[in-house]
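What the coordinates show
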Amino acid sequence: MENITEAEHCCSTDSERKSHHSDKVKANLITRLNRIEGQIRGVKGLIEKDTYCDDVLNQIAAIQSALNGVGKLLLEGHMKSCVIERIQAGEHEVVDELLTTIQKLMK
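The notes below deal with the structure included here. Quick caveat, the model's predicted, so the values are computed rather than measured. (Residues numbered from 1 in each chain as written. Predicted model: local features only at pLDDT ≥ 70, side-chain atom pairs only at ≥ 80, totals over all residues. Heavy atoms only, no water.)

**So, the packing of helix H1 (residues 23-48) against helix H2 (residues 53-88)**
Each pair of packed helices can be described by the angle between their axes along with the distance between the axes. Taken N-terminus to C-terminus, the directions of H1 and H2 make an angle of 165 degrees; their axes are 10 Å apart at the nearest point. As far as their axial angle goes, H2 and H1 are roughly antiparallel. You can see that H1 and H2 cross each other, and the crossing is left-handed. Of H2, the residues touching H1 (which contributes Asn28, Leu29, Arg32, Leu33, Ile36, Gln39, Ile40, Val43, Leu46 and Ile47) are Val56, Gln59, Ile60, Ala62, Ile63, Ala66, Leu67, Gly69, Val70, Leu73 and Leu74. Grouping the amino acids of the contact of H1 with H2 by side-chain chemistry returns 16 nonpolar, four polar and one charged. (Axes fitted to C-alpha atoms, helices over the stretch in contact; angles between N-to-C directions. Helix = DSSP H or I, 4+ residues; strand = E, 2+ residues; numbered from the N terminus. Parallel < 35°, antiparallel > 145°, perpendicular 65-115°, else oblique. Left-handed = near helix turned anticlockwise from the far one by under 90°. Contact = heavy atoms within 4.5 Å. Nonpolar A, V, L, I, M, F, W, Y, C, P; charged D, E, K, R; others polar.)

**Notes on the nonpolar core**
What tends to happen in soluble globular proteins is that the nonpolar side chains get buried as a cluster. Counting eight residues, the largest nonpolar core consists of Val25, Leu29, Ile36, Val43, Val56, Ile63, Val70 and Leu73. Counting only elements with at least two residues in this core, the list comes to H1 and H2. (Core = buried A, V, L, I, M, F, W, Y, C linked by side-chain atoms within 4.5 Å. Buried < 20%, exposed > 50% of the residue type's maximum accessible area, 1.4 Å probe, protein only.)

Dropping the structure here:
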């Protein structure tokens with residue numbers, strides 16, 4: 001997993017929050033998501049061809065694992081930048097927001 005650098009940060013305006021990933025991290029995330037998209041199309045094809053269920057389920061497990069990898073990378077960056085910045089700005093409600101997000105990721 002690629003480490004998030006200090007150059008990445010979140011910025012907040014009154015109406016919108018955005019994160020700012022380095023070009024390298026963004027390219028990594030997009031590459032991973034493109035691969036997952038291809039895997040999903042592959043599973044669709046397997047189902048259309050009546051492929052044995054266990055084989056399809058194994059491909060679905062691989063997709064879920066790949067999505068978890070994307071989530072871990074984003075979570076790491078979020079905690080090392082956005083969460084720290086917001087805590088330093090006195091926005092301690094970010095901890096509850098983070099806990100809610102982690103609970104959703106762990107379902």
